[in-house]
Amino acid sequence: MILAANLKCNHTRASFERYAKALDEGLAGGISREDEILVFPPASAFCAKVKNFTQGAQNFYPAAHGSFTGEVGGDMLAEFDIKTVLIGHSERRAILGESAELIREKFGFAAARGWRIVFCIGEDEAAFAQDRSEEFVAAQLEGIDLKYPSLVLAYEPVWAIGTGRSAQCQQIERMLNFLRAKSSAPLLYGGSVNVANIGGIAGIASCAGVLVGTASWDASKFLELIRVVSHRYTSLP
């Protein structure tokens, strides 16, 4: 299983150092080779030393460096040995105005460097209500290399992100099966994942893990989610 934490616009450098320390200590000695923990902190909080999880970037500009005010370039990620990135998150698409063209550019830049890409897709409320979820998601995948070997696809219905309203397992399974027909990449679900529903979500045959938002912002709560999913984490406090 892949258990990924998107910390979004939360945590300072000091608080993330405490988060990373708590997570590392909680996972020490209890990680199975079959499971992987990913954490995406804000760029200002990148931690130079992490042990038992992989640190990734929520965002980057598709250039090593340059005249791109306010952006994070590839050279900056390299300083922290970051080779895992989120691309296409709905909040960057809708709130920050990332176009399909920019998203494809970011994908190409990351792929050229062999980075692991967690590519987010998911329908909005209107598409879901009109039973156009597959059509909506298919459009988001246009121009994306679905055979890229270091690709992970994260299905995150927009209407479920941060709302407390998670998709039902039947809907998740339907969408993951739709994605499986298009790509052999590991498939994650994200959207109001919590301790009460993570077990059922992780039990879906086509589900390779979860991308967690709010419920992962506290290290102890993220560890609790990990404990629910895998009995192999026998050392977790």
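Above this text is the structure in question.
Residues numbered from 1 in each chain as written. Predicted model: local features only at pLDDT ≥ 70, side-chain atom pairs only at ≥ 80, totals over all residues. Heavy atoms only, no water.

**Q** Give a detailed account of the overall build of the protein chain, specifying residues and quantitative values.
**A** Within the protein chain, the regular secondary structure consists of nine helices and eight strands. Here the C-alpha radius of gyration of the protein chain, 17 Å, is about what a compact globule of 237 residues would show, namely 18 Å. Overall size of the protein chain, expressed as C-alpha extent along the three principal axes, is 45 × 45 × 30 Å. Counting across all 237 residues of the protein chain, residues that qualify as buried make up 51%. Of the contacts made within the protein chain by residues no fewer than 6 positions apart, 70% connect residues no fewer than 24 positions apart. As displayed, the protein chain has an accessible area near 11,000 Å², and 51% of this comes from carbon and sulfur atoms. (Helix = DSSP H or I, 4+ residues; strand = E, 2+ residues; numbered from the N terminus. Rg over C-alpha atoms; globule rule 2.2 N^0.38 Å. Buried < 20%, exposed > 50% of the residue type's maximum accessible area, 1.4 Å probe, protein only. Contact = heavy atoms within 4.5 Å. Areas by Shrake-Rupley, 256 points an atom, 1.4 Å probe, with all protein chains shown as cover.)

**Q** Any details on the pairing of strand 2 (residues 36–40)? Residues and values, ideally.
**A** Along any regular strand the residues' side chains alternate between the sheet's two faces. Burial analysis of strand 2 places four of its five residues in the buried class, which makes it a mostly covered element. Of the strand pairs in this sheet, strand 1 (residues 2–6) and strand 2 are connected by five bridges, and their pairing is parallel. What sits directly across from L3, in strand 2, is I37. Bridge analysis of strand 2 against strand 3 (residues 54–55) gives two bridges, and the strand direction is parallel. Residue pairing in the sheet places V39 in a bridge with Q55 of strand 3. (Pairing = 2+ DSSP bridges.)

**Q** Tell me about the side chain of S15, and name the residues and values.
**A** With respect to the secondary-structure elements, S15 resides in helix 1 (residues 13–27). Side-chain polar atoms of S15 contact the backbone nitrogen of T12, separated by 2.8 Å. (Polar contact = N/O pair within 3.5 Å; in protein donor to acceptor, adjacent residues only side chain to side chain.)

**Q** Please provide a residue-by-residue account of unusual backbone geometry, values included.
**A** Phi at K8 is positive, roughly 50°, even though this residue is not glycine. Positive phi outside glycine occurs at D131, with the angle close to 60°. Within the element layout of this structure, D131 appears in the loop between helix 5 (125–129) and helix 6 (133–140).

**Q** Explain the nonpolar core to me, using residue names and the numbers behind them.
**A** Residues L23, V39, F119, L153 and F222 are the most contacted members of the largest nonpolar core, which totals 61 residues. Per-element accounting of this core gives the leading share, six residues, to helix 9 (residues 219–229). Beyond its immediate sequence surroundings of up to four residues, F222 is in contact with L3, A4, A5, Y19, L23, I37, L38, V39, A215 and S216. Within the second largest apolar cluster, eleven residues are counted, among which are I2, A4, F40 and L86. (Core = buried A, V, L, I, M, F, W, Y, C linked by side-chain atoms within 4.5 Å.)

As far as function goes, none of this settles anything; it's purely spatial.
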